[in-house]
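A closer look at the structure
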Amino acid sequence: MPLVLLLLMLFGALCSPGQAMSREEKQRLKNQVVEMFDHAYQNYMDHAYPADELMPLTCRGRVRGLEPSRGDIDDALGKFSLTLIDTLDTLVLLNKTTEFEDAVRRVLSDVRLDNDIVVSVFETNIRVLGGLLGGHSMAVMLKEGGQHMQWYQDELLHMAKDLGLRLLPAFNTSSGLPYPRVNLKHGVRGPETRTGTETDTCTACAGTIILEFAALSRFTGDPVFEAHARRALDFLWEKRQRNSNLVGTTINIHSGEWVRRDSGVGAGIDSYYEYLLKAYVLLGDDLFLERFNIHYASIMKYISQPPLLLDVHIHKPLLPARTWMDSLLAFFPGLQVLKGDIRPAIETHEMLYQVTKKHNFLPEAFTTDFRVHWAQHPLRPEFAESTYFLYKATGDPYYLEAGRTIMDNLNRFARVPCGFAAMKDVRTGSHEDRMDSFFLAEMFKYLFLLFAEPDDIPFDVEDYVFTTEAHLLPLSLSMAPHSLPAPSNRTSDEELDDSNFDWTCPNTHLLFPDPAFPRILREPIRSAVDKSCPRPAPYREPGMGRPPLRAQDFMANNPEHLELLRRMGVSLIHLKDGRVQLVQHATQAVSAVAAEDGVRFMQEMMELSSQQQKEQLPPRAIQIVSHPFFGRVVLTAGPAQFGTDLSKSSTGVRGFVTVAEPYSGCSEIVNAEYIQGHIALLQRGQCMFAEKARHIQKAGAIGGIVIDDNEGSSSDTAPLFQMAGDGRSTDDITLPLLFLFHKEGNILLEALKEYREVEVLLSDKARDRGADVQEREEDCLTEATTPTSHEPIGQSQMSTVELDESAPEEVSPVDEDTSPAEEVSAPKEEVKPAEAEPAVAQPQEDRDSEKEEKPEEDTDSSSQSVDELLADWREDLEAFKQMEKDEL
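A brief structural summary. Position numbers for residues start from 1 in each chain and track the written sequence from start to end. In keeping with the predicted nature of the model, local features appear solely for residues at pLDDT of at least 70, side-chain atom pairs appear and are counted solely at 80 or more, and the whole-chain, interface and lining totals rest on all residues. The basis for every side-chain value is the complete set of heavy atoms in the structure, and neither hydrogens nor water enter the calculation.

**Quick word on the overall build of the chain**
- Per the secondary structure count, the chain includes 25 helices and 31 strands.
- Within the chain, the proportion of its 888 residues that are buried is 62%.
- A sequence separation of at least 24 residues applies to 74% of the contacts in the chain between residues at least 6 apart.
- Here the chain has roughly 33,900 Å² of accessible surface; of this, 49% comes from carbon and sulfur atoms. Under the DSSP-based scheme used, a helix requires at least four consecutive residues in state H or I and a strand at least two consecutive residues in state E, with every element numbered from the N terminus. Exposed residues in this analysis have more than 50% of their type's maximum accessible area, buried residues have under 20%, and partly exposed residues fall in between, with area computed by a 1.4 Å probe over protein chains only. We call two residues in contact whenever any of their non-hydrogen atoms come within 4.5 Å of each other. Areas reported as accessible are Shrake-Rupley estimates using a 1.4 Å probe. Residue values count occlusion only from the protein chains shown.

**Overview of the packing of aromatic side chains**
- Pairing of aromatic side chains requires ring centres within 6.5 Å, counting the rings of Phe and Tyr and the six-membered ring of Trp. Pairs whose planes differ by under 30 degrees are stacked, by over 60 edge-to-face, and all others tilted. In this structure the tally under the stated criterion is 29 aromatic pairs.
- On the basis of an interplanar angle of 85° and a centroid distance of 5.7 Å, the ring pair of Tyr 353 and Tyr 398 is categorised as edge-to-face. Here the residue Tyr 353 occupies a position in helix α12 (residues 342–359), and Tyr 398 occupies one in helix α14 (residues 398–414), the gap between them amounting to 45 residues.
- Note on Tyr 353: relative accessible area 5%, which makes it buried.
- What links up through ring pairs into an aromatic cluster is the set Phe 37, Tyr 41, Phe 420, Phe 439 and Phe 444.
- Working rule: Lys NZ or Arg CZ, within 6 Å of ring centre, within 35 degrees of ring normal, means a charge sits over the ring. In this structure, Arg 240 is placed above the aromatic ring of Trp 237, and the distance from its NZ or CZ to the ring centre is 3.8 Å.
- Its guanidinium or amino end placed over the ring of Tyr 353, Lys 357 lies 5.3 Å from that ring's centre, counting from NZ or CZ.

**Thoughts on the state of the cysteines**
- Two cysteine sulfurs form what is called a disulfide whenever their separation falls within 2.5 Å. One pass over the full model with this rule turns up 3 disulfides.
- Sulfur-sulfur distance for the disulfide between Cys 202 and Cys 205 comes to 2.1 Å. Where Cys 202 bonds to Cys 205 through sulfur, the torsion about that S-S bond is close to 90°, and the disulfide is right-handed. Comparing Cys 202 with Cys 205 shows no difference in burial state: the two are buried.

**A few points about the nonpolar core**
- We define the nonpolar core as a collection of buried residues of types Ala, Val, Leu, Ile, Met, Phe, Trp, Tyr and Cys that are connected through side-chain atoms lying within 4.5 Å of one another. In terms of nonpolar packing, the biggest core is built from 169 residues, with Phe 100, Leu 410 and Phe 420 touching the most fellow members.
- Take this core: its biggest share by element is 11 residues, from helix α4 (residues 121–145).
- Those residues in contact with Leu 410 that sit more than four places away from it in its chain are Met 36, Phe 361, Leu 379, Arg 415, Phe 420, Phe 439, Met 443 and Leu 447.
- Counting 23 residues, the second largest nonpolar core, distinct from the first, contains Ile 705, Ile 707, Val 758 and Val 760.

**Section: the pairing of strand β26 (residues 653–659)**
- At least two bridges found by DSSP between two strands is the condition for calling them paired. Where β26 and strand β30 (residues 759–763) come together, 4 bridges link them in antiparallel fashion. Residue Arg 654 lies in a different strand from β30, and its bridge partner there is Leu 761.

**Focus: the sheet that holds strand β24 (residues 620–624)**
- Ordered in space as β25-β24-β30-β26-β27-β28-β29, the 7 strands form an open sheet in which the pairing is mixed. Each having just a single partner strand, β25 (633–637) and β29 (737–740) make up the two edges of the open sheet. Sheet twist, expressed as the average angle between the axes of neighbouring strands with direction ignored, equals 35°.
- The sheet strands contacting helix α21 (residues 742–755) are β24, β25, β26, β27 (679–683), β28 (703–707), β29 and β30, and the helix crosses β29 at an angle near 105°. To define axes, lines are fitted to C-alpha atoms, for helices over the stretch in contact only, and angles between the resulting N-to-C directions are given on a 0 to 180 degree scale.

**Side note on the sheet that holds strand β13 (residues 324–326)**
- Spatially, β13-β14-β15 is the arrangement adopted by the 3 strands of the open sheet, whose pairing is antiparallel. On the outer flanks of this sheet lie β13 and β15 (372–374), each paired with one strand and no other. With direction set aside, neighbouring strand axes in the sheet form an average angle of 30°.
- In this structure, β13 lies alongside strand β14 (residues 365–367), joined through 3 bridges in antiparallel fashion. Note that in β14 the partner of Asp 326 across the bridge is Ala 365.

**Brief notes about the environment of His 136**
- Turning to its location among the elements, His 136 is positioned in helix α4.
- Remark: the alpha-carbon pair of His 136 and Leu 156, spanning 20 residues in sequence, is separated by 5.6 Å.

**Details of the side chain of Ser 217**
- Here Ser 217 shows up in helix α7 (residues 210–220).
- A polar side-chain atom of Ser 217 sits 2.6 Å from the main-chain carbonyl oxygen of Asp 222.
- Those residues in contact with Ser 217 that sit more than four places away from it in its chain are Asp 222, Pro 223, Val 224, Phe 225 and Glu 226. Side-chain atoms alone can form a polar contact between residues adjacent in sequence; in general such a contact is a pair of N or O atoms within 3.5 Å, and within protein one must be able to donate a hydrogen while the other accepts it.

**With respect to the environment of Thr 467**
- Along the chain, Thr 467 falls in the loop between β20 (464–466) and β21 (472–474).
- In this structure the C-alpha to C-alpha distance between Thr 467 and Gly 130, which are 337 residues apart in sequence, comes to 7.6 Å.

**Focus on the pairing of β28**
- Most of β28 is tucked away, with 5 of its 5 residues classed as buried.
- Examined bridge by bridge, β27 and β28 share 5 bridges and lie parallel to one another. Directly across from Gln 683, in β28, lies its bridge partner Ile 707.
- Handedness of a crossover is defined as follows: orient the strands so they point away from the viewer, and if the path from the first strand over the helix to the second runs clockwise, the crossover is right-handed. The parallel pair β27 and β28 is bridged by helix α20 (residues 689–698), and the resulting crossover is right-handed.
- As paired strands, β28 and β29 are joined by 4 bridges and run parallel to one another. Paired with Ile 707 across the strands is Leu 740, a residue of β29.

**Side note on the packing of helix α9 (residues 270–283) against helix α10 (residues 286–303)**
- Close contact between α9 and α10 brings their axes to 8 Å; oriented N to C, the two are set at 145°. Between α9 and α10 lies a crossing whose hand is left-handed. Residue-level contacts link Tyr 272, Tyr 273, Leu 276, Leu 277, Ala 279, Tyr 280 and Leu 283 of α9 to Asp 286, Phe 288, Leu 289, Arg 291, Phe 292, His 295 and Ile 299 of α10. Two helices that cross are described as forming a left-handed crossing if the nearer one is turned anticlockwise from the farther one by less than a right angle, and a right-handed crossing if clockwise.

**Considerations on the packing of α10 against helix α11 (residues 332–339)**
- Relative to each other, α10 and α11 sit at 125°, their axes nearing to 13 Å. Between α10 and α11, the crossing angle belongs to the class labelled oblique. For the crossing formed where α10 meets α11, the hand is left-handed. Residue-level contacts link Phe 292, Asn 293, Tyr 296, Ile 299 and Met 300 of α10 to Phe 332, Leu 335, Gln 336 and Lys 339 of α11.
- In the contact of α10 with α11, the residues fall into 6 nonpolar, 2 polar and 1 charged. Should an angle lie under 35 degrees it is considered roughly parallel, over 145 roughly antiparallel, and from 65 to 115 roughly perpendicular; all remaining angles are considered oblique. Polar here means any residue other than Ala, Val, Leu, Ile, Met, Phe, Trp, Tyr, Cys and Pro, which are nonpolar, and Asp, Glu, Lys and Arg, which are charged; Gly is therefore polar.

**Points about unusual backbone geometry**
- With omega at 10°, the peptide bond leading from Tyr 49 into Pro 50 counts as cis.
- With respect to the element layout, Pro 50 can be found in the loop between α1 (23–47) and β2 (53–55).
- Cis geometry marks the peptide bond from Pro 306 to Pro 307, where omega comes out at 10°.
- Structurally, the position occupied by Pro 307 is in the loop between β10 (304–305) and β11 (308–309).
- Backbone geometry at Ser 81 places phi at a positive 50°, although glycine is not the residue there.
- Mapping Ser 81 onto the fold places it in the loop between β3 (60–62) and α2 (82–93).
- Looking at Ser 81, the relative accessible area reads 3%, which means it is buried.
- Unusually for a residue other than glycine, Met 149 sits at a positive phi of about 55°.
- The topology assignment puts Met 149 in the loop between α4 and α5 (155–167).

Shown next as structure tokens:
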């Protein structure tokens, strides 16, 4: 019988509604935000300036060309002191006027914009051009105050125009969409300047220009910048899918054909929608609001399944494009506040808050049941942004507590002696030597504004609009003299039904006079399925069809059952790892009664699954502690449900690694004299995990590491893998056994090949990283890797359950004498020698048979040096790169 999985699309109960936070407590938290900013900013100035970014683990600057390439992420670096420029208006907001004046002088004297270097048009626009314009706005404001910046003569604006002119060659295409990259010195001249050969760009990359370029035109009186930005937006609008009114993620800049036709509100599209609405706010042009409203209606119709936001196909918007979400969509509740649609903003924010509470940070991507899909977290500010706007709209002190949670997690898990380090893996707490400029540009702005009183802020933020990089552009620009561009192609009357659209921005001060209203919206998301108060069955008239399908009767390959699911609004999604995901959209059921049946079916499936699920263990860490690694390399490992529990060991297990013979570990170890007292390396397959553990334990090993034989597998992309027992008692196994995917295992094997003696530490988290804060992190990281219990969502519009299809048997009815738990989770009684090891079902399923080939001593795939392999390991995945260059 296949293992039925519960996707806990559900949330843990929070504390009761919070009391209003005292003014003194808000003041204390505001001061703490300033202290955190000082820690990050001063370390950048002391250890990194004039480099673009700080490397907080090694306390030095990141200079492009001197550090190993990270791929597209490095296109944000242009040797123009990126972090300093990105931070200019943050200094003013935080009342650091003296530091701002000094920073402006440094920018004017030290920064060059004519470097022979290829940069991202998108990143350079929002970070550098936006930073210069935001700095100019602040300088003008301070100068008009009569006390500061009296010497300022629009120097930052002159630099901004110089940079704008250097970006303009990228727009020299037949469509008006910009090339994704430009050479700051040579423009776009083809391969000799490493530009002009690209054919594709992301929607956000082309559609997130209008605020900065229009502001530059209004400030300087030169309409050319705004004209080019409008032309790009016009082209994207014309290329939208006319039936769904959605746009794809990637578009061909020459033909206008959609390259990636999935559509969502996260990576690749996010700020395109943001800039349509904010362009209306800044410039007052109704055209932008028309377009935004049409897009927004489609988003809420197809993509929004509160509290989830799931990508769909633009041509088939009822067909989900993926079953996971990326962290960039966390900005969307804030945008909904600006739109005035507060209810879904509260619901989605609550979902994001629960993910944050579960993992301490938002993973770069997470599944619909809130498991980690991509484990990195580069200190993104989008969740803090939405938290601030929701507090501004509702006045609910709950969002002050959410802000406190963000700050506490940053200080406990990301703070290091030289700044704040990005999280390489939110599950293990391992760090990445990275502190992006947007952390200073955005995170501390929103946290400061969240806790500050009006008299703490040196200007009225209501007079400004925030760009996607949180730079401040004055609303007075809408009244600035400018030459209007040629009229754009407006939406025809037959395309636009705006009878239900609001044509003014909402007054957030009047939206919710009752602060309890947001709590009422959050309550169903938190409490969801209350087993103590089951809902009564809906009335079913006589003759209205057969009784509804029950979860224990469901068979995944029964056509009749699939048809019943369809009528209940439940659809099946086949996942790449072999499982099937059940998703219910109550609105797609054939009737209200069928929808109720579907909700009950999903609840039963969840309860059935939860009974058989074993305790989910957190990931473990394998840390290479010998020369030349010295603990810097930490590999994310899957645990075993037997053997030594490393979470209960204060020291972990430390020893040198040795490859077992046979490598499969499925028979008596023949090199026991080398294995004794060492940690054995084994290959997955051919026998049960427990059998491998017993063989190396008999040979005298002190631990074991099983390496996946599925080439290319990685903890960056695959769910956490847990090794189960063999259906009988495993109390005799007393050593720890951990699992590494192929990519991480190869790092260990290559290190062993190059250095012969490699010592590792098996533990529940990374240790002894050489940071002064390590002792303080010990207790914190334990909490970081401890799963939190979460309750299911029962009343929401969508429910999700996954089925494991790794076994050929059907899901058959449960016998009256057998409990669901016994029926689902009991291991097979007969296990053939070649059968795969049983695994907990939330990772990828084990295969029915494993490869029996032993590894050759030297293979082509292992010919890389360890340095090259480690450099490759540090780079983000190919799929992940797409997210990073879409403003990541």
